Structure formats: C-alpha cells, structure tokens
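# Residue-level structural notes
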Amino acid sequence: MGRPVLSHFLTLSHSYPHFTPSLRRGQFPVKYMKTTGLLLSPSRRPIRFRCFCSVSVSEPLVPQSPPTTVKKRIVSGVQPTGSIHLGNYLGAIKNWISLQNSYDTLFFIVDLHAITLPYDAQKLSKATRDTAAIYLACGVDTSKASVFVQSHVRAHVELMWLLSSATPIGWLNRMIQFKEKSRKAGDENVAVALLTYPVLMASDILLYQSDFVPVGEDQKQHLELTRELAERVNFLYGGRKWKKLGGRGGTIFKVPEPLIPPTGARVMSLTDGLSKMSKSAPSDQSRINLLDSKDIIANKIKRCKTDSFIGMEFDNPERPESNNLLSIYQLMSGKTKEEVAQECENMNWGTFKILLTDALIDHLQPIQVRYEEIMSDSAYLDRVLAEGATKAADIADATLNNVYQAMGFLRR
C-alpha cells in the first residue's frame, strides 16, 4: 500500500495515542502534478514524505474520539483464506473492538481478494462464514459496526474498474507484494488480479469516504497507492469539472490517513522469530489459530523454536523468539511489558512455555465458545451479514454515483 510515501507524519505516543499530521491545508502551497501524481512545492520540486511511528505495545489502540458529533470512519477487513490466526487477531481484529466504540466502523470479509492466488472454490463460502463468525465472537458489536461480505456490495468491483482507468501501470508494477508473489508463482501462473488487486483495495477504502485505515507494515504501500489514487481522481475529475457536469464540485474522495497498530501487535512465527506469522506458511506449526484446541495449542507451544540463553528478555536482536513469545504472553495476559519482563526475567523455557500455554487457552476459550454458538445459528449470521451489506451499500452507492457523474457517464 514506490510512490511518494504518506503525506503526514503519524505519531502515536506512549501515554496518549493521537494523530499528529505535519502537513496541513494552508501550511504552504502545493500543486498536484497530473503526469505523475506527485505533490510539488513552490519551487516545483517533488515533495516526498516518510511515516514515522512511535507506539507502545502496552497501551491499547484507541485513538481519541474527534471533538465533533459526527464520528470519523474506519474500514478494515481480513481475507477468508486459511484459518484466522493469532497474528490476524492481535494485529487487526482485537483492535477493532476498541475502535468501534469511538468511530463509525465497517468491518468486512474481503472474499474478492481471496481469489488473486489459486484457491479452493469448494471452501471459500464456508471460510467466509467462519471469518464473519470469528469477527463477532471476538467482540465486534453489530450495534456499533457494520459487518458484511465484500462481494455482497457490488460497488466494490464497479469502482475498481473506474479507478483502474486512472491508475498508471507503473504504479502497480512497483508494488512489492506483487513482485514477491509473482516471483514465487512464476509469470505463467500469475493472474492479472494479483497485479490489480491494490486498485480493488483502494476501492474498498474510498467507497466509504474513510478517514482512517488500520494498516500493518506489509500494507502501507497499498495505502499510499490508495491516497495517490484519491488525489489523482480528485484532480482529474473533481472541483469545477465535476460542478460543470451538474455535481456538487469539490473533492470526490476523502484522502484516508493511516492508523498504525502497536508494534507489539506484529506477531511472528512460532518456528522463526524473524518471520511474520502467516496463513500462507506451509507448516501449521508456525501459527496459533484462533480455533485450535487446548491440546493443539499446548503441542505447538511445546515444540516452538526457542534459544539457548538463560532467562527471558524483550528487545534483544539476538533473541527474536524470546521477544516474540514474551510479547504474545503480554498481550494474552493483559499485563504491561514491565510486569512481564520482571515476572519472566529468570524463568527457564520449560516453565515459561507452560505459562504461555495457559494464557493462550484462557484468552481464546471464550472466543471459541462464542464462535460455536454463532455458527449453530445460521439464520442469525445471515441476518447480520445482510443488514451489514445493506448499510454498507447505502454509503458505497452514494460515492459510486458521484464518481460516475464526475467521470461523465450518462445517468441511469
């Protein structure tokens, strides 16, 4: 989610998480350059930005609610491929529970993204329902957030096509994830969708006029593309051009800001403390799935990679497994980093693994129980997804109609 990086500095402080943009409207004049989508300073030199983030793992991700009666909007989603694991939960879903209390939130299952690589069509539908049920079991409240399936709102695909006409192919060719995945799959096996799915991701975000988007390190480049596409379309079709076509004029899309999760929420593999926990990893031993049984969790922790050092410690670059497992324990137990460091400082691996196993089981068991309850009531789950799709479509259709009008299409 290269291109110029994020156009605002983002700082989430240790004691008071908040947004601190370094570039605001009116601070100095800028001009959008049509040919490249870069911002130009008065000297006509391209302005490039970096995102500097400093966050605390011990603090919950709860940005301060805006001081207005209209809530800011956040959208996010997870693919229904493979099992939802601890990394998905701690890096995204768990944070949603806090965000839904202060923001207008839409959480969807991104099933259209699940087909960019080879997949099992027989399992997609069930995986989609499972993912929706896990959202709810983890604490997503449908009275506060809309939960829906991406493909149930057709505006996602329609807007993607419109945005594709404004997306330079060079932007997509520079996507790091496309380069990495296409290299693994081989050119003959790479679908066009793998190249263009960042445009679909931009559609997912811009449809809902999102203010903030929770992103991890691996998705920041895609959000950068989304922001640039918003600026580009606003420049090409918004303002007076849109007004001449009967529209309201002004900007078509809101340019979203990144919401960076706590560093500690980046969960690493159980078999390699330097690799991110992933659904695509060949070994299931590398991850804790949210629906793993007690015995499976105990077995995975018992066999997970450790080191030969004495005692436990955070933040030692020579001990990535120690840092990862301590971070997981901290997040599962709800303790502070200082409390965990003191508790485990002189602990051996055998004792710590028992402690971590118990913390994981205690934290995940209520989620598993609630998941089974939801899955046993298919009518309830269907109703939640239908209502969520209806609410989402109302917002998405309004945006889509504006884009059609601004781009000169004949009104229906």
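Look up a bit, the structure's there.
What counts and how
- Residues numbered from 1 in each chain as written.
- Predicted model: local features only at pLDDT ≥ 70, side-chain atom pairs only at ≥ 80, totals over all residues.
- Heavy atoms only, no water.
- Helix = DSSP H or I, 4+ residues; strand = E, 2+ residues; numbered from the N terminus.
- Areas by Shrake-Rupley, 256 points an atom, 1.4 Å probe, with all protein chains shown as cover.
- Salt bridge = Lys/Arg side-chain N within 4 Å of Asp/Glu carboxyl O.
- Buried < 20%, exposed > 50% of the residue type's maximum accessible area, 1.4 Å probe, protein only.
- Contact = heavy atoms within 4.5 Å.

What follows is about the overall build of the protein chain. Scanning the protein chain for helices and strands turns up 13 helices and 8 strands. For the protein chain, the computed accessible surface area is about 20,200 Å², with 53% contributed by carbon and sulfur atoms.

Attention shifts here to the pattern of salt bridges. Enumeration over the complete set of coordinates arrives at 16 salt bridges. For D104, the salt bridge goes to R73, with nearest N and O atoms at 2.9 Å. Remark: R73 occurs in strand β4 (residues 73–78) and D104 occurs in strand β5 (residues 104–109); sequence separation between them is 31 residues. The partner of E373 in a salt bridge is R370, and the shortest N-O contact between them spans 3.3 Å. A residue pair is termed a helical-turn pair when its members lie 3 or 4 positions apart in one helix, as E373 and R370 do in helix α12 (residues 349–375) at 3 residues. On the basis of relative accessible area, E373 is assigned to the partly exposed category, the value being 43%. Connected through salt bridges with shared partners, the residues D284, R287, D292 and K300 form a single ionic network.

Note that Y119 resides in the loop between β5 and α2 (121–137). Residue classification places Y119 among the partly exposed positions, given a relative accessible area of 41%. Taking the C-alpha atoms as reference points, Y119 and G82, 37 residues apart in sequence, are found 9.8 Å from one another. If we skip the residues at most four places from it in the chain, Y119 touches A114 and L124.

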